[in-house]
Amino acid sequence: MSRSKISRTALMRRAGAAALTALLLSSATASAVAQQDGANTTVDKPCSNAMLQGTWELHYAIYRDGTGKVVGEIKDQQTKSRKLIAGSHFSFITWAPDGTFNVAASGSFKADASGYHEQVDATSLPRLQGKTYHFQCVVSGDKWRHQGLEDGIQIEEHWLRVNGGAL
């Protein structure tokens, strides 16, 4: 065989080996990602009325102004809030860890493909009376996250479902 045929053959073998190696690496990476995803059995789903029924406690919230600057944050249970969703109605109460009352409100709600919508019809805070809020909303297992504008402030709240417990 001529030298050029050997070189072409060797190059073709190397190219084939490189392509096979790339395919195997790609397959292994995809398999590892699939296994990781499989370990996480919950998937974000758009909210629905049925998914939100029950009792929820605020786990984390962040509030940003129009420029994106953080103007408030709730974490580490520094503020407590519990929201009850029953039928087409909601109510919530917010308080400090020492039991000091902050705010309560109730009204009607709906959740659909366009998000979570609240209409406040009773509240301890007059500025909330009669307001309607619209939030993007997803539920993943026992976690509920919604975000949207509230009086010019971008809010993001993370709620955890309260499972039944002994009295």
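My aim in this report is to walk through the structure given alongside it, one point at a time. Counting from 1, residues in each chain are numbered in the order their sequence is written. Totals for whole chains, interfaces and linings use all residues, but because this is a predicted model, local features are given only for residues with pLDDT of at least 70 and pairs of side-chain atoms are given and counted only at 80 or more. To get the side-chain values, all heavy atoms of the structure are used, and hydrogens and water are removed first.

### Focus on the overall build of the chain
Secondary structure elements follow DSSP: runs of H or I of four or more residues count as helices, runs of E of two or more count as strands, with numbering from the N terminus. Check the secondary structure of the chain and you find two helices and ten strands. Summary of the burial criterion: residues with accessible area below 20% of their type's maximum are buried, those above 50% are exposed, and those between are partly exposed, where the area comes from a 1.4 Å probe applied to protein chains only. Across the 167 residues of the chain, 24% fall into the buried class. Note on definitions: a residue-residue contact is assigned when non-hydrogen atoms from the two residues lie within 4.5 Å. Contacts in the chain between residues at least 24 apart in sequence constitute 39% of all its contacts with a sequence separation of at least 6. As presented, the chain carries roughly 10,800 Å² of accessible surface, and 58% of it is formed by carbon and sulfur atoms. A 1.4 Å probe and the Shrake-Rupley method give the accessible areas. Residues count as covered only by the protein chains that appear here.

### Details of the state of the cysteines
The disulfide definition used here is simple: a pair of cysteine sulfur atoms within 2.5 Å. In total, this model carries one disulfide according to the counting rule given. Sulfur-sulfur distance for the disulfide between C47 and C137 comes to 1.6 Å. Between C47 and C137, the disulfide has an S-S torsion of -75 degrees and is therefore left-handed. Pair noted here: C47 is in the loop between strand 1 (45-46) and helix 2 (49-52) and C137 is in strand 8 (residues 132-140), with a separation of 90 residues, a long-range link.

### So, the environment of Q53
Mapped onto the elements, Q53 comes out in the loop between helix 2 and strand 2 (54-64). Along the chain, Q53 and F90 lie 37 residues apart, while their C-alpha atoms are 9.2 Å from each other. The residues contacting Q53, other than those within four sequence positions of it, are I85, A86, G87, F109 and R161. A distance of 3.0 Å separates the side chain of Q53 from the backbone oxygen of N49, its partner in a polar contact. We define a polar contact as two N or O atoms separated by no more than 3.5 Å, with the added condition that, inside protein, one atom must be a possible hydrogen donor and the other a possible acceptor, whereas residues neighbouring each other in sequence contribute only through side-chain atom pairs.

### Details of the environment of K69
With respect to the helices and strands, K69 occurs in the loop between strand 2 and strand 3 (70-74). K69 gets classed as exposed once you look at its relative accessible area, which sits at 55%. With residues near it in sequence (within four places) discarded, K69 still touches Y63 and R64.

### Focus on the side chain of S140
Structurally, S140 is set in strand 8. Of note is the side chain of S140, whose polar atom sits 3.5 Å from the side chain of D44.

### Some words on the nonpolar core
Within this scheme, the nonpolar core is defined by two criteria: the residues are buried Ala, Val, Leu, Ile, Met, Phe, Trp, Tyr or Cys, and they are joined through side-chain atoms within 4.5 Å. Ranked by internal contacts, the top residues of the largest apolar core, which has 24 residues, are C47, L52, I85, F90, F109, Y116 and W144. For this core, the secondary-structure elements that each account for two or more residues are strand 2, strand 5 (89-95), strand 6 (101-112), strand 7 (115-123), strand 8 and strand 10 (153-161). Residues in contact with I85, not counting those within four places in the same chain, are L52, Q53, G54, W56, F90, F109, Y116 and W144.

### As for the side chain of T94
On the secondary structure map, T94 appears in strand 5. The buried category is assigned to T94, whose relative accessible area is 9%. Polar contacts involving the side chain of T94 include one to the side chain of S81, which spans 2.9 Å. Leaving out residues up to four positions away in the same chain, T94 has contacts with T79, K80, S81, F101, N102 and V103.

### A word on the packing of aromatic side chains
Any two of the Phe, Tyr and Trp rings considered here, Trp counted by its six-membered ring, make a pair once their centres fall within 6.5 Å; the pair's planes then place it as stacked at under 30 degrees, edge-to-face at over 60, or tilted in between. All chains considered together, the criterion is met by seven aromatic pairs. Relative to Y116, the ring of F109 has its centre 5.6 Å away and its plane inclined at 35 degrees; by these criteria the two rings are tilted. The structure contains a cluster of three or more aromatic residues connected by ring pairs, namely W56, F109, Y116, Y133, F135, W144 and W159.

### A few points about the environment of N49
Tracing the chain through its elements places N49 in helix 2. Discounting residues that sit within four places of it in the chain, N49 has contacts with F109, K110 and A111.

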